[in-house]
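So the chains spell out like this:
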Amino acid sequence: MDTRAILQAVEQRQYPLPRDPWIMTQQWHELIFAHWPVPLDMLRPLIPPLLDIDTFDDMAWIGVVPFHMSHVSPRGVPPVQGVSRFAELNVRTYVSVHGIPGVFFFCLDASNPIAVNIARRFFHLPYFNAIMTHPRERATTYYRSHRTHRGASPADFVAAYRPIAPVFTAQPGTLEYWLTERYSLYTVFREALYRGDIQHRPWPLQPAEMEIERNTMAAAHGITLPDTQPLLHYAELQEVLIWPLKLIG
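Residues numbered from 1 in each chain as written. Predicted model: local features only at pLDDT ≥ 70, side-chain atom pairs only at ≥ 80, totals over all residues. Heavy atoms only, no water.

Another aspect to go through is the overall build of the chain. For the chain, the helix and strand inventory stands at four helices and 14 strands. Against the compact-globule benchmark of 18 Å for 249 residues, the chain has a radius of gyration of 17 Å, which places it among compact chains. Its C-alpha atoms put the chain at 45 × 40 × 40 Å along the principal axes. Counting across all 249 residues of the chain, residues that qualify as buried make up 55%. Partitioning the contacts of the chain with sequence separation of at least 6, the portion at a separation of at least 24 is 70%. Approximately 11,900 Å² of the chain is accessible, and the part contributed by carbon and sulfur atoms is 55%. In the chain, which carries 21 positive and 23 negative side-chain charges, the distance between the mean positions of the two groups comes to 9 Å. (Helix = DSSP H or I, 4+ residues; strand = E, 2+ residues; numbered from the N terminus. Rg over C-alpha atoms; globule rule 2.2 N^0.38 Å. Buried < 20%, exposed > 50% of the residue type's maximum accessible area, 1.4 Å probe, protein only. Contact = heavy atoms within 4.5 Å. Areas by Shrake-Rupley, 256 points an atom, 1.4 Å probe, with all protein chains shown as cover. Lys, Arg positive; Asp, Glu negative; His and termini not counted. Charge placed at Lys NZ, Arg CZ, Asp CG, Glu CD.)

Attention now moves to the environment of T140. Tracing the backbone shows T140 in strand β8 (residues 140–147). Taking C-alpha positions, T140 is 9.2 Å from M210, a pair spaced 70 residues apart along the chain. There is a polar contact of 2.8 Å between the side chain of T140 and the side chain of R162. (Polar contact = N/O pair within 3.5 Å; in protein donor to acceptor, adjacent residues only side chain to side chain.)

To continue, consider the packing of aromatic side chains. Per the stated rule, a full pass over the model turns up eight aromatic pairs. Taking 6.3 Å as the distance between ring centres and 70° as the angle between the ring planes, the aromatic pair formed by Y143 and F157 counts as edge-to-face. Here Y143, found in strand β8, pairs with F157, found in strand β9 (residues 156–163); they are 14 residues apart in sequence, far enough to count as distant. On the basis of relative accessible area, Y143 is assigned to the buried category, the value being 1%. Taken together through their ring pairs, the aromatic side chains of W28, F33, F67 and W203 make up a single cluster. Against the face of F128 rests R147, its NZ or CZ located 4.3 Å from the ring centre. The ring centre of W178 lies 4.6 Å from the NZ or CZ of R182, which sits over that ring. (Phe/Tyr/Trp six-rings, centres within 6.5 Å; stacked < 30°, edge-to-face > 60°. Lys NZ or Arg CZ within 6 Å of the ring centre and 35° of its normal.)

Just geometry here; none of it tells us what the structure is for.
What follows is the structure, encoded as structure tokens:
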């Protein structure tokens, strides 16, 4: 991973890179953004009041994002077999604080119990244990996730997806850019607000298609998705640098 090149790719960012050093690398593989528009009023009771919900054309958006990761390693530490590679699936919406846009996660299911424990303890994120598989045949990824986390609401995702057109880069002002080019996550822990920063190159997006057999991920967290086809964008690979959480309020 060329971390210097990643740090130099800042033209797509809405605000400057953090001044403190990054602490972790990740590579995200075979990722698909599946997005649905939802009414703002439906989401407001589900989001901490410290966060402003972002809208595009007066609609909030819910994303269900399956992928798998590799090179999940602290800075200066080589990847560890059995720890640094695993699948993840998140349910998200889009928020901002003091004008800085970011992502708010309702859940992040992962196939690595060690990663789940670390993320819950040190990043205060709603990670859940799950059994996950993602075999690929030619251009199609067959993704299956079943939540196994003790005491958590049941949640399943079974789908097949593939890219169907060439790579493009989202342009500022478009919905694709608004949904994907976000470089912060926000979380609230014990009534305190935290931001985690990330950095990567612009998203190499492709239009995609997906057949969903089962998806109860959003419903498990009180979200009703519309009975419409999602907006789909596929990315083969994204290399990411991670910063530690910062208390902002």
